[in-house]
Amino acid sequence: MNDYQMLIDGARVAGEGDPFEVINPATGQAFALCPAGTVAQLEQAVAAAQRAFTSWGRSSCAERCERLQLIAADIEREADELARLIVLEQGKPLALAFSEVMGGVAWTRYAASQELPVELVEETPTQRVELHRKPLGVVASITPWNWPFMIAIWHIMPALRAGNCVISKPSSLTPLSTIRLVEIIARHVPAGVINIVTGERGFGSAIASHPGIHKIVFTGSTETGQRVMQAAAGNLKRLTLELGGNDAAIVLPGTPVEAVVEDIFQAAFLNMGQTCAALKRLYVHESQYQAFAEALAVIAQRQVVGDGLEEGVTFGPVQNPEQLELVAELVDDACAKGGQVLCGGAPLPRTGFFYPPTIVTGVSDGHRLVDEEQFGPVLPLIAYRDVEDALRRANASTMGLGGSVWGPDAAAAQAVAARLESGVAWVNCHAQIQPNTPFGGCKMSGFGVEFGQEGLLEFTTQQLLFVRKPAAQQ
Ligand code: NAD
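Residues numbered from 1 in each chain as written. Predicted model: local features only at pLDDT ≥ 70, side-chain atom pairs only at ≥ 80, totals over all residues. Heavy atoms only, no water.

Draft legend 1. View of the site of the ligand. Lining the immediate surroundings of the ligand are 27 residues, of which T143, K169, S221, L243 and E373 lie closest. At a separation of 3.3 Å, an oxygen atom of the ligand approaches a polar backbone atom of G220. Between the ligand and E373 there is a distance of 2.6 Å, counted from an oxygen atom to a side-chain nitrogen or oxygen. Calculation on the ligand without its partners gives an accessible area of 850 Å², and the protein chains cover 85% of this total. Counting only elements with at least two residues in the shell around the ligand, the list comes to α7 (203-208), β10 (215-219) and α8 (222-232). Broken down by element, the shell around the ligand gets its largest block of residues, 3 residues, from α8. For the shell around the ligand, the per-class residue count stands at 12 nonpolar, 11 polar and 4 charged. Built from parts of two domains, the shell around the ligand gets at least three residues from each of domain 1 (6-243 + 445-464) and domain 2 (247-427). (Near = heavy atom within 4 Å. Polar contact = N/O pair within 3.5 Å; in protein donor to acceptor, adjacent residues only side chain to side chain. Areas by Shrake-Rupley, 256 points an atom, 1.4 Å probe, with all protein chains shown as cover. Helix = DSSP H or I, 4+ residues; strand = E, 2+ residues; numbered from the N terminus. Nonpolar A, V, L, I, M, F, W, Y, C, P; charged D, E, K, R; others polar. Domains from an automatic or database assignment.)

Draft legend 2. Spotlight on the state of the cysteines. Scanning the entire structure with this criterion turns up 0 disulfides. As a non-bridged cysteine, C61 has C65 as the owner of its nearest cysteine sulfur, 6.2 Å distant. By relative accessible area, which is 31% here, C61 ends up partly exposed. With no disulfide of its own, C165 has C61 as its nearest cysteine by sulfur position, at a separation of 14 Å. Residue classification places C165 among the buried residues on the basis of a relative accessible area of 0%. (Disulfide = S-S within 2.5 Å. Buried < 20%, exposed > 50% of the residue type's maximum accessible area, 1.4 Å probe, protein only.)

Draft legend 3. Structural detail: the domain arrangement of the protein chain. Looking at the protein chain, the domain boundaries give domain 1 (6-243 + 445-464) and domain 2 (247-427). Relative placement of domain 1 and domain 2: their C-alpha centres are 31 Å apart. Listed as interface residues are 24 residues of domain 1 and, on the opposing side, 26 residues of domain 2. Of the roughly 1,900 Å² buried between domain 1 and domain 2, counting both surfaces, carbon and sulfur atoms make up 62%. Seen at the junction of domain 1 and domain 2, the total is 0 salt bridges. Applying the counting rule to domain 1 against domain 2 returns 10 residue pairs in polar contact (both at pLDDT 80 or more). Within the residue set of the side of domain 1 that touches domain 2, elements represented by two or more residues are α3 (79-90) and α4 (94-113). Sort the elements by how many residues they give to the side of domain 1 that touches domain 2 and α3 lands first, with 5 residues. Among the residues making up the side of domain 1 that touches domain 2, the classes are represented as 12 nonpolar, 8 polar and 4 charged. (Contact = heavy atoms within 4.5 Å. Buried area = accessible area lost by both parts, 1.4 Å probe. Salt bridge = Lys/Arg side-chain N within 4 Å of Asp/Glu carboxyl O.)

Draft legend 4. Structural detail: the pattern of salt bridges. One pass over the full model with this rule turns up 26 salt bridges. E373 is the salt-bridge partner of K280, the closest N and O atoms lying 2.8 Å from each other. Of the two residues, K280 is situated in the loop between α9 (257-269) and β13 (281-285) and E373 in the loop between α12 (368-371) and β16 (378-384); the sequence distance between them amounts to 93 residues. On the accessibility criterion, K280 (1% relative accessible area) is buried. A salt bridge links D333 to K337; the shortest N-O distance between them is 2.8 Å. Look at D333 and you get buried, because its relative accessible area is 16%. Exposure remark for K337: the relative accessible area of 46% places this residue in the partly exposed category.

In structure tokens, the structure reads:
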């Protein structure tokens, strides 16, 4: 049960704190123990990363890319085992866990293909001005529990590609697949380049305030992101904050239900709705409100809910009991205020943290289920009469991660999508992400982007090289 260790300075080490249990959300039972590191061990990891940076930070781009390719190949080779571990700690169905691993492979290969060219700003007879991109130093990655493996890859691979050394701190709810990932990476990089420390409460804040860490890439809730930002101020750490979302989707009048309903369902319920940029509020024109609600309920009822390792299961448990409780609370609150549950609507009476896919109608802005991020398997449908009004309500949120507009006329839908206050606006799709397209939120969904060239640049600092040419060359 206890084969998991931290990795510091190239060595697997036991935590000096009391190990804690990792729970399988499908059974509610512990299936492994995770080491608990101490602040003294964090100090060792930071010191190791700083030492390793003196040479890794100066290694060639070609060398780093080659090592990332080797890492990608190992992840791919071990994909089955990694996927099973993700199911055990996170709960998602095996096929989805497998695509999480393979997504990680694709993102790693993309990082390995990226260039960091020197930009020639100006060349005249008297001077040459170049813009260089250099690594920052020690980067800490703090990850959540919903896509533990893939988000760790999104953080770690571009950081390494740019020449930084990394300390990974996974969620204490889902630390194990990240431990395995770090072990794979460590096979291909010098000691200290990648480290992982694990622990329960309080450990993340020690990282956020550590003066030896130069950047934090954080994915998690807005509330924790605010705390990270405060703690990071001491040494002006660079930050990428990928925080919560409450993505709205607007279905324009005349959208054929059958053409889009499956995609809308998937966008809302992917990973049991525990996805930052999942579709979380659906605004439907009153003329089609009932038709969409019924069609979504049919798909919801088709889902096979169960343990993600069981054959045929399409819908797993919620990852943890607190999240399950929040989902139940929001649905109960909606019902108390006149909302109607078309399907689902209560935790399943069985072991594990199961809540079936739930469609709620008769709700509107002002209901907690609409105004707050539910981050779980429930979708509220809100009727609207006028597109301008729907747009105003979609934008009336402190969050601004993603949003989408659906309609038969793509140009008309695009015109509405362009007015969404969100880091990403999709037309006739939602939550589409890929390695080469920058992704990030606005408003209280955070700042900074991941993916694409912009994402890589976030792991660098710029240095302007201004060279006055000798008189003889002028
Ligand atoms: P969380 O904020 O509770 O935890 C995220 C991580 O921060 C965990 O590793 C946790 O241990 C750590 N942490 C906790 N307190 C800390 C502190 N004071 N200082 C530093 N680190 C600390 O989030 P969660 O519940 O794991 O994940 C769900 C949230 O993440 C949702 O709001 C979701 O929308 C968001 N999320 C956002 C994105 C995105 O890309 N924008 C992606 C996935 C999840």
